[in-house]
Amino acid sequence: MNNPSDRPLAIALSVTPGFDAGVHEIVRLFFPRCRIIGDLPGDLKLEVKVEKTAHDLKVSIELGGLLQAVTRERISSDHDQIDIKRQIIRLVYSLLRETTAENPSPYGILTGVRPVKLVHRYLDRGWTVSGIRRELEDKFLVSPEKSLLLTEVASRNRPYLLSPGEARKRIGVYIGIPYCPSRCHYCSFPGYPLDHRPGLPEFFNGLLYELTRLGEAMAGLGRMVDMIYIGGGTPTVLSREQWDKLLDALHHLFLKSDDVEFTVEAGRPDTLVPEILQRLAAAGVNRICVNPQTMNQATLDRIGRNHTVGMIADAMELVRKIGFAHVNMDLIIGLPGEGPSDVSRSLDEVLRLRPEGITLHHLAHKRGSIWQMQGDAPDWSQVRLSGNWWELLAASGYLPYYLYRQKMAGNQENIGFALPGTFSRYNIRVIEERETIIGFGGGAASKFVNPDDWTLTTLHHPKDPATYLSSLERLVKARVDKLQALS
């Protein structure tokens, strides 16, 4: 069959009921621009039939009216429904890989956001790293390169994970400030313009109320806050007066230990003011993010960033002068108009600034972005960038220590690199979901972790400031109830 993955298709997909979980995701890996329309006439028909008896499992796949693959095996006593579904997904992937002559994802049938969590589950059960790599490559069709990456990242971040006993005592705090000076065209995070109504002053008053109500309720639960992360949006749009009130509230409610990792995502260089940075440092903020995304001015203009390359270097000089010892910088791979040489140039310039952490993001396909809402998103589904970025980072002393995935260019990943001894425990624990995180503010999420089995319950805040403000009482009560149940 000629490879049709470079054009839009309507795919009629039929799967035996009860076994369809995950098959749609696999089909979209091979045909990223397709429309799955169900059991109707389409450009391509894919039918997956599952026949299960008391002792046997038979799976057959038809593609384009032709029988393409059949597998039959005995069902053992430990052959559960999850194993059967995984086998079906693996078979669909293998068939489409053979038929299209494409291998779209180095992660094989792993389509989730947090693939390193799978490695930690095996490590929890006493598996060796070599055994985990074989499992990833054989059962999940992960490439050898990515199986090595996943196990290396897990080995590096595992010492930062909490034991079940520690996880019952500790808690993290995330605060979302959903306002920005301008909207980046690729972004879908909460980030309303400063003239949005209700505006920042009304939102900020609601945030202080929420912090006070929930902080007082948490005081008697015996939990120690050991991480605070203020993100957004762009938190540094807050005024000096607002920062004074917010930092005073945090000190009163949560900052009870000298061992709190306290991060502020300054992000936009055009929002950094010496007076506010000095206030943050004096209040105990020990990590800060200055995120250029690219060091190419034409790209900055194209994506809606209101700052220059020169302002990025000036911001780094400023935060160093004030005394921040841990700085992270983000770069995005796959921005429209950029190729490997542009990314290499950006990375070279960031390395000269010598931040403690550098996060490489692959551009993600986000429905809430300006590009998507206006219908003029660049087609990054076919981007296959390559470069020597890992070698450059490794030669400069940086190690990959946390990783997560989204629907992104080249089916790749976002990787956080850092110098040894400077890893962010917040980044590790929020990605691996091994510590309860209480979210405050617009678009925040609270993640309640049960250390008995590391299962998770998530409560999301509304992104829209008006909806958030009208929901405060409900949001406070729901999180207090969950915390009391876990305690």
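Our structure is the block above this text.
So, a few notes on the structure that sits alongside this text. Worth saying up front: this structure is predicted, and the values here are computed from it rather than measured.

So, how was this worked out
- Residues numbered from 1 in each chain as written.
- Predicted model: local features only at pLDDT ≥ 70, side-chain atom pairs only at ≥ 80, totals over all residues.
- Heavy atoms only, no water.
- Helix = DSSP H or I, 4+ residues; strand = E, 2+ residues; numbered from the N terminus.
- Buried < 20%, exposed > 50% of the residue type's maximum accessible area, 1.4 Å probe, protein only.
- Contact = heavy atoms within 4.5 Å.
- Areas by Shrake-Rupley, 256 points an atom, 1.4 Å probe, with all protein chains shown as cover.
- Lys, Arg positive; Asp, Glu negative; His and termini not counted.
- Salt bridge = Lys/Arg side-chain N within 4 Å of Asp/Glu carboxyl O.
- Pairing = 2+ DSSP bridges.

**Examining the overall build of the protein**
Counting its secondary structure elements, the protein contains 17 helices and 18 strands. Put simply, the protein has 487 residues, and 54% of those count as buried. Sequence separation of at least 24 residues holds for 71% of the intrachain contacts in the protein that already meet a minimum separation of 6. Surface summary for the protein: the accessible area is close to 20,800 Å², and the carbon and sulfur share equals 50%.

**A few points about the side chain of Glu47**
Examined against the element boundaries, Glu47 turns out to sit in strand S3 (residues 44-52). The charged side chain of Glu47 is buried without a salt bridge, its nearest counter-charge being Lys49 at 4.1 Å.

**Brief notes about unusual backbone geometry**
Looking along the chain, the bond that leaves Gly232 and enters Gly233 is cis, with omega of 10°. Locating Gly233 in the fold gives a position in the loop between strand S9 (224-232) and helix H8 (240-253). Here the phi dihedral of Ala101 falls at roughly 60°; this positive angle occurs in a residue that is not glycine. Of the residues examined, Ala101 reaches a relative accessible area of 67% and is grouped as exposed.

**Here we look at the pairing of strand S16 (residues 437-441)**
A large share of S16 lies buried, amounting to five of its five residues. With five bridges joining them, strand S6 (residues 170-177) and S16 adopt parallel strand pairing. Within S16, the position partnered with Val173 by the bridge is Ile438.

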